[in-house]
Every structure is written in C-alpha cells, then in structure tokens.
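One-letter residues, chain by chain:
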Amino acid sequence: MAASPESIDAALHSLDGQALARIFSGLGWSTLGSSEKRSLTVHLIRSFVGLPQSNQTNLLKNLDIVQALETSLAHYNSTNTISSESYRSTPDNALRKIMFVHFTQVGEFLQAASIYSNMRMGGPDTHDENGGNLIQGDFSAAEKCDIFVSIAECFIAEDQNVEADSALQRAGLFVDKIADAEANWQIILRYKSNYANILDSNRKFLQASSRYHEVSQTTRAEIDPQNLLELLGNAATCAILAKSGPQRHHILALISKDERLEQLDQLPQFQNHSVVVKKMYKNHLLQKEELEIFEKSLQEHQRAIMSDGLSIMERAIMEHNMIAASKLYTSILFTELGVLLGVHSNKAEKVAAKMIAEGQLEGTIDQVDGILTFGEVDAESGLLGWDRAITDVCEEFNRVSDLIKGSA
C-alpha cells in the first residue's frame, strides 16, 4: 500500500496497525522526503485527534498504531516551529493529552509520563518586555505545574522516585507563579502532597513531616476528612523517624496539639501513633513493647538498615531515649545506659559521642570510668580546663619570646 493520506485513513478506519507500521517505519519511511514525512505526520495526528473518543480508545490498544503515533509525534516536534500563541491548539499537544489519559487509565504510567514529558508549552518564563503576564496563548503557570505534577504522579506510581523528584522540581518553578491560587487549589494541593511523598521516600523525614502536616491542615469542604487524617498520620510517622533536635520537637508539638490526633487510633495503620508522638513530645522514655505496633506500620523505605547497623526506627528511638535519659539523670554509667536503651554499653557510648559531636546532646564522656555526664560542658573544669591552661601558658611563652627577639 502506497503511503498517502488515503491509506492512513483506511488503516485507521479498519484498525490496521500493520498498515500504519509499514507507512511510518522501515525502509518505506526512510526513503520518503522531508516534505512527504511532514505531510503524512500532520495528517495522521489530525485525523486521529478528530476521531470519536471510543475509536481513539480502540486504536490505542493496538501497539503498531501506538508506535506509528509516537513516530509521528517525534517527527512533528523536529519539523514544526510555531509561535507561542498557538501552543494550546496544536494537534500534537492534543494527541499527547489523549494518549496520556489512555495510558494512565490502563496503568501504563511510564509510557504516559514519556508522552507528557514532550508536551510543548512554551518557555518556562515567557513574559512580555515589561515583565508582565505570560504571552497570550502560552501555557499558564498553573497549566505547566499541572503537567509536571501529572508526570511526577506517574513516576511515583512506578516507584521511580528520582524521576518523580525531577518532575516536581520543575513543577516547583511554576507553583508560586500561579495567578489564581483559589481557582487552582487542586493543582497546588497535589504538588504539595506529592512533594511530601517524595521527601518521605528519600528519607528526609523532618521536611516530609512538616509538609504532610501543612497539607493535612487544609480546610476545604471538597476534601474527604479521612484523607486529611491519613496525611496527619504520615506526618506523625515521619516526625517519629526524624533526627532528634529542636526542629523535630517543634513538629512533634504541632502534631501532639492537633485535636485530630486521637482519631488516628481508629485507623489500623496509625493505631499506636498518638501514644508514641505524645511520649516523644514530653521527652518520656519509650519501651520496646510500645513500638511493636508502630514498627509494623512502616513502609519498606522506612525500615532501611543504616551504616551503623541500626534501622531508621531504632536509631530515632535510641536518640530520643538518650534525650529522655538526660532529663532524668545528671550522670549515668554506660552499662546502665545500655540497659536503658536496650543495646550494649559500647553502642550506647558511640551513640552518645555522635550526638554530642553533632550538637544533639549536651554532656561529657569519661571513658576511664565509663560515665556519661549530662549538661552543658564547663570549659573551666576537668580536662578541658587543663587543656585551656596549657594553651594559655604556650601563648604567653610565645609572646615573651617574640618580645626578646624584637629587643635583641
């Protein structure tokens, strides 16, 4: 069959994917001139976009037809240069939207993301010469944000977190530029919730907790309260797993004072979170038995074993209990601290040393006697005072030596 608009129409009408494959691939396609390829490409795209939705759905079930459409889109992109005024109405963008919707509905999320990634939207910052609004016809900041968030959601569905993060970073370029936040609240909310999800997946638990909690505070009547409660539960999970410090204490305070916290007990995946959150906020010691239910609720990436041999949860709880112990004791033997933390005394000493070095814990370690003393370090006493005295003597000696040399 000769390559012509008529042959394309016939193939579409009869669902003949092989006929389209012969036209848009292989030797037949490679021997065509640029103008012929452009003519056939434009005709296929326009013809497909003009079909009824049911016909489009049936055609997209045929892999040969999908491949022909993808070839046409790639060629259309390389041969068509258009002004920004017509981006919204281009047939290739219309086709991408149709294919994206179809592939997401059938669960082909990576293919959907690939199709949408080539959407032609205009420059990221197309303004008039006075720095005013986007040029008429160019995609708005809300539309661009929506597309990149949609791409990110596809990657998240396939656990492709690096790619999802990249798409959300691009969405972030536009989310603050959305002119009418009220009209586009759904896009903004999708961006924020997906961003929290990615932070969680990347084990940035403190930032994720803050983002989850922010989204959970949404008061729009259109949103199911159950979804917001689950977001609060996610915020609690991430806060518990986050590194100890003032910032975590702040987010724990926000969550523990949330009037919905007790409602988490009604959800199987969060039924013990309220107890753990409250104890952490009040700097109470947590026992292993209290954490069994919480540990079962963790997702795979939240169960990772770190370089020190501890799981994320074990490290977080150990750091918390170390802080809690500092509220109960002025000093403690590492053998006793190990029992309190449920680890060997050597491990307790290493954790304490690391926390002191990173500013998470105030205290000093006496390795000779195996004692941890809590509280602010007194620079004028003990070994630190002795070191300071030696330093002062050396500095005074150097000063006198320089004076003698100068008078010689």
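Residues numbered from 1 in each chain as written. Predicted model: local features only at pLDDT ≥ 70, side-chain atom pairs only at ≥ 80, totals over all residues. Heavy atoms only, no water.

1. Re the overall build of the chain
Right, so step 1: Counting secondary structure elements, the chain contains 20 helices and 3 strands.
Right, so step 2: By residue count, 42% of the 408 residues in the chain fall in the buried class.
Right, so step 3: Of the contacts formed within the chain by residues at least 6 apart in sequence, a portion of 60% connects residues at least 24 apart.
Right, so step 4: Roughly 22100 Å² of accessible area belongs to the chain as shown, and the carbon and sulfur atoms make up 50% of that amount. (Helix = DSSP H or I, 4+ residues; strand = E, 2+ residues; numbered from the N terminus. Buried < 20%, exposed > 50% of the residue type's maximum accessible area, 1.4 Å probe, protein only. Contact = heavy atoms within 4.5 Å. Areas by Shrake-Rupley, 256 points an atom, 1.4 Å probe, with all protein chains shown as cover.)

2. Some details on the pairing of strand β2 (residues 363-366)
Right, so step 1: Relative to strand β3 (residues 371-374), β2 is paired through 4 bridges, and the arrangement is antiparallel. Bridge pairing in β3 links threonine 364 to threonine 373.
Right, so step 2: Counting the residues between successive antiparallel strands, the hairpin from β2 to β3 contains 4 residues, one of them, glycine 370, with a positive phi of roughly 65°. (Pairing = 2+ DSSP bridges.)

3. Observations concerning unusual backbone geometry
Right, so step 1: Even without a glycine there, the phi angle at aspartate 159 is positive, about 60°.
Right, so step 2: You can see aspartate 159 is positioned in the loop between α9 (141-157) and α10 (161-175).
Right, so step 3: Aspartate 159 sits in the exposed class, given a relative accessible area of 64%.
Right, so step 4: Phi at arginine 203 is positive, roughly 65°, even though this residue is not glycine.
Right, so step 5: Checked against the element boundaries, arginine 203 lands in the loop between α11 (185-201) and α12 (205-216).

4. A look at a negative patch on the surface
Right, so step 1: On the surface, Glu108, Glu158, Asp159 and Glu300 cluster together into a patch of negative charge.
Right, so step 2: Mapped onto the elements, glutamate 108 comes out in the loop between α7 (91-105) and α8 (109-117).
Right, so step 3: A residue is classified by how much of its surface remains accessible, and glutamate 108, at 41% relative accessible area, is partly exposed. (Patch = residues over 30% accessible without salt bridge, like charges linked within 9 Å, V, L, I, M, F, W, Y side chains within 5 Å. Salt bridge = Lys/Arg side-chain N within 4 Å of Asp/Glu carboxyl O. Lys, Arg positive; Asp, Glu negative; His and termini not counted. Charge placed at Lys NZ, Arg CZ, Asp CG, Glu CD.)

5. Things to note about the sheet that holds β3
Right, so step 1: Taken together, the 3 strands give an open sheet; going across it, the order is β1-β3-β2, and neighbouring strands pair in antiparallel fashion. Across the chains shown, the open sheet's two edge strands, defined by having one partner strand only, are β1 (331-333) and β2. Averaged over neighbouring strand pairs, the angle between their axes works out to 15° when direction is ignored.
Right, so step 2: Pairing of β1 with β3, which is carried by 3 bridges, proceeds in the antiparallel orientation. Paired with leucine 333 across the strands is isoleucine 371, a residue of β3.
Right, so step 3: Strand contacts of helix α18 (residues 334-341): β1, β2 and β3, with the helix running at about 90° to β1, the strand carrying the most contacts. (Axes fitted to C-alpha atoms, helices over the stretch in contact; angles between N-to-C directions.)

6. Brief notes about the packing of aromatic side chains
Right, so step 1: Taken as a whole and assessed by the stated rule, the structure comprises 4 aromatic pairs.
Right, so step 2: Between the aromatic rings of phenylalanine 100 and tyrosine 116, the centroid separation amounts to 3.9 Å while the plane-to-plane angle is 10°, which identifies the pairing as stacked. With phenylalanine 100 in helix α7 and tyrosine 116 in helix α8, this residue pair connects regions lying 16 residues apart in the sequence. (Phe/Tyr/Trp six-rings, centres within 6.5 Å; stacked < 30°, edge-to-face > 60°.)

7. Quick word on the pattern of salt bridges
Right, so step 1: For the coordinates displayed, the defined rule picks out 13 salt bridges.
Right, so step 2: A salt bridge links aspartate 146 to arginine 190, with the nearest nitrogen and oxygen atoms 2.6 Å apart. Of this pair, aspartate 146 sits in helix α9 while arginine 190 sits in helix α11; the two residues are 44 residues apart in sequence, bridging distant segments of the chain.
Right, so step 3: You can call aspartate 146 partly exposed: its relative accessible area is 24%.
Right, so step 4: One network of salt bridges, in which partners are shared, links Asp92, Arg96 and Arg120.

8. Here's the deal with the nonpolar core
Right, so step 1: One finds Leu20, Phe24 and Met99 to be the most contacted residues of the largest nonpolar core, which totals 56 residues.
Right, so step 2: The biggest single contributor to this core is α9, with 11 residues.
Right, so step 3: The contacts of phenylalanine 24, once residues within four sequence positions are left out, are Ile8, Trp29, Leu40, Thr41, Leu44, Ala68, Thr71 and Ser72.
Right, so step 4: Core analysis: the next-biggest nonpolar cluster, separate from the first, contains 39 residues, Phe205, Leu228, Ala239 and Met313 among them. (Core = buried A, V, L, I, M, F, W, Y, C linked by side-chain atoms within 4.5 Å.)

9. Examining the packing of helix α14 (residues 246-256) against helix α15 (residues 273-281)
Right, so step 1: Remark: α14 packs on α15, axes separated minimally by 9 Å, with the N-to-C direction vectors making an angle of 130°. What the angle tells us is that α14 and α15 run oblique. Two packed elements cross with a definite hand, and for α14 against α15 that hand is left-handed. Counting all contacts with α14, which are made through Arg248, His249, Leu252, Ala253, Ile255 and Ser256, the residues of α15 involved are Val277, Met280 and Tyr281.
Right, so step 2: Classifying every residue of the contact of α14 with α15 gives 6 nonpolar, 2 polar and 1 charged. (Parallel < 35°, antiparallel > 145°, perpendicular 65-115°, else oblique. Left-handed = near helix turned anticlockwise from the far one by under 90°. Nonpolar A, V, L, I, M, F, W, Y, C, P; charged D, E, K, R; others polar.)

10. Remarks on the confidence of the model for the chain
Reading predicted coordinates in detail is not appropriate for stretches of low pLDDT.
Right, so step 1: Within the chain, residue pLDDT values average 87, and 86% of them lie at 70 or more.
Right, so step 2: Within the chain, the element-level pLDDT minimum falls on helix α20 (residues 382-407), averaging 61, and the maximum on α12, averaging 97.
Right, so step 3: For residues 125-136, every residue scores under 50 in pLDDT, and the model assigns this stretch 16 contacts once sequence neighbours within four places are set aside.
Right, so step 4: Counting interchain partners and residues more than four positions distant, the pLDDT-below-50 stretch residues 379-384 has 4 contacts. (pLDDT = per-residue confidence, 0-100.)

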